[in-house]
Amino acid sequence: MCGIVGYIGAQNCIPMLINGLKRLEYRGYDSAGVGFINSNNEANNIKVKGKVADLEAAINGNELECRIGIGHTRWATHGIPNQINAHPHSNKENTLLLIHNGIIENYSVIKQSLLKDGYEFKSETDTEVLVNLIDKTLKKKGDLFQAVRFALNEVEGTYGIAVMHQDYPDQLVVAKNGSPLVIGIGENENFVASDVNALIAYTSKVIYLEDHEMALVTKDRVKVKTISDEKIKKEIQEVKLTLSEISKGGYDYFMLKEIMEQPESLRNSLRGRLLEKEGISKLGGLTGYIDRIALSKRIIITACGTSWHAGLVGEYMIEQYCNIPVEVEYASEFRYRNPILSPDDTVIFISQSGETLDSLAALKETKRRGALTIGLVNAVGSSIARETDCGVYLHAGPEIGVASTKAFTSQVIVLALLTLLIGRRRITSPQDGVQIIKELKSLPEKVEEILKLNNQIEKIAENFVDADNFLYLGRGYNFPVALEGALKLKEISYIHAEGYPAAEMKHGPIALIDENMPVVFLAPSDSVYDKVISNIEEVKARGGRLIAIASENDHKIDGLVDYSIKIPNTLRMLMPILNVIPLQLLSYHIAVKKGLNVDQPRNLAKSVTVE
Ligand code: G6P
């Protein structure tokens, strides 16, 4: 959460800061600001409540020419979203400016001590405490980099920060602990940002900072040290992202673009990973680890949000095809409940961003306890990808819409590849392996077929714009899909929605059903079809408004439900990939028809780097 950018070099920094912030806006969008040193060598900032476009409007007409600057887009943690709480924060003299992503946990203790020293505070933020702590240290030490370093040694919590001072106009100081920070290397200019999306228009060469590292960035040098003052030699890495991959490409919203990209993102997740004749998958990132994984006594899948839903699908798959017990844990719960782990366990971390703080913390705890760690991550070079023992990239391409869509389907398909790899070393026969591969290969085309139903789904959506509640029901592999369908709807349309295993309906949710309650059933023609039909009858008898996602050859269901969306069939383990697509489109159209910004839903952020 919160996006950070910075520039130092020969050009005017303002266009880069604004452009970079727009690329990072998915990280937070309640307020924004820039800090800079102007042509009179004075530090200053411009901050607004609202989006980067509001900041841009506030800057326009100021004709700023600055060679060093920092920018921030905020997702509020301490203090309401307003202009005062927006970043950058500064010292009293307004000579020292700082932007921050993360939370300073011991801020109130530090604040008390600063108040005693005569410091005053304008905002309610933890960040203003940090900037004043650096100010105090700087006044004693007289060196910006060292002052930041000493201050950070007093701080508990998480941070990605960028700091500048008007007396040090050729220095940008950055540091990282728990929140991402990447440095972009240019010619006669250097950049900093929370993620590479903000940088790729300017450079493809980057240095990723690790936790407890900080850097002094000038226009032609980057010096990295730990906050305990050890020198570090960092590798410059090449980023292979293109601008078109992070543009809307003619769509109204990134979310719709990303839904429509799924045939391609699934192909990319599969590319080069299928050994058809042997009925097995090939996952290069697990080389050297696969024997240990296949011998695991237990597999634990840890994730948050949509990635956790993908993990639930993984549980069904791995237990069915590998005969290894699987548990799926919210990372936030797992890390705090003293998990019992041994070197015989494998823990899989699923994350689109690779930066979710709770997942990262769970990963660190797992490593401490000696279990093997696997990352299933989309963002290349992200913290979880770097810190796990081994892993598989999703290759879904950048996902910008806050509501996750193509990352989910790629997570499920990669879990299927992993299941195949482990399963074929355990209980899955070559014939079953070949069959799974055949079905995997057919998925992108089947998704294309489903996407052709977009207009039909848009029409269905018109009938539900005024709904206050929704229920999503499914059994087996489709229970996680029900959860994901409900999450998509509440995230972007603000309609209360719940996902349930269909049979559990009778243990509570059925009390809610009347003629105002829309119920979405996942009802493919599979072994539990008849049971789902009974549940549909139960809802119908109570007047609920019924939508069913059903198999293309199912005509029986039309007589039972108000709206049916017919989709191709596949193996049960792969059904979630197909079934979720109509649910993504349904939520999208309901939210758009309500006039909401689906890419930037209120209160949410794409990358949750606070607890
Ligand atoms: C946020 C996003 C969700 C995502 C979740 C986990 O809540 O809005 O879309 O599923 O974080 O994120 P991760 O990047 O770890 O998959």
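Coordinates for the structure precede this section.
Small disclaimer: the values here were computed from a predicted structure and weren't measured.

The rules behind the values
The residue count restarts for each chain, going from 1 along the sequence in the order it is written. Owing to the predicted nature of the model, reporting of local features is limited to residues with pLDDT of at least 70; listing and counting of side-chain atom pairs is limited to 80 or more, with chain, interface and lining totals taken over all residues. Side-chain metrics in this entry use all non-hydrogen atoms of the structure; hydrogen atoms and water are not considered. By definition, a salt bridge exists where a carboxyl oxygen of Asp or Glu is found within 4 Å of a side-chain nitrogen of Lys or Arg. Helix and strand assignments follow DSSP, with helices taken as H or I runs no shorter than four residues and strands as E runs no shorter than two, numbered in order from the N terminus. Buried, partly exposed and exposed residues are distinguished by accessible area as a fraction of the type maximum, computed with a 1.4 Å probe on protein chains only: under 20%, between the cut-offs, and over 50%, respectively. Strands qualify as paired when DSSP identifies two bridges or more between them. We call two residues contacting when some pair of their heavy atoms lies within 4.5 Å. A fitted line through C-alpha atoms represents every axis, and for helices the fit uses only the stretch in contact; the resulting angles, taken between N-to-C directions, go from 0 to 180 degrees. Crossover handedness is defined by viewing with both strands directed away from the observer: a clockwise path from the first strand over the helix to the second marks the crossover as right-handed.

Colleague: Got a minute to help me understand the pattern of salt bridges in this structure?
Modeller: Scanning all chains against the criterion turns up 36 salt bridges. The partner of Glu 93 in a salt bridge is Lys 139, and the shortest N-O contact between them spans 3.2 Å. With Glu 93 in the loop between β5 (89-90) and β6 (96-101) and Lys 139 in helix α4 (residues 126-141), this pair connects stretches of sequence that are 46 residues apart. Given a relative accessible area of 45%, Glu 93 falls into the partly exposed group.

Colleague: When you look at the sheet that holds β5 in this model, what are you seeing that I'm missing?
Modeller: Hydrogen bonds along the backbone pair up the strands of a sheet, which may run parallel or antiparallel. The strand order across the open sheet formed by seven strands is β5-β6-β7-β8-β12-β13-β14, and the pairing between neighbours is antiparallel. Only two strands of the sheet have a single neighbouring strand rather than two, namely β5 and β14 (231-232). Direction of pairing for β6 relative to strand β7 (residues 159-165): antiparallel, over a ladder of six bridges. Each bridged residue has a counterpart across the sheet, and for Leu 96 the counterpart in β7 is His 165. Taken strand by strand, α4 contacts β5, β6 and β7, and its axis lies near 140° from that of β6. Contacts from helix α5 (residues 144-152) reach β6, β7, β8 (172-177), β12 (213-217) and β13 (222-226), with the element oriented near 145° to β7.

Colleague: Could you clarify how one ought to interpret the pairing of strand β23 (residues 469-474) in this entry?
Modeller: A regular strand places its side chains on the two faces of the sheet in alternate fashion. Across the six residues that make up β23, a large majority, five, are buried. A crossover connection joins β23 to the parallel strand β24 (residues 496-501) through helix α16 (residues 478-493); in handedness this β-α-β unit is right-handed. Judged from the three bridges that link them, β23 and strand β25 (residues 518-523) form a sheet pairing that is parallel. By the bridge assignment for β25, Leu 471 is matched with Val 519.

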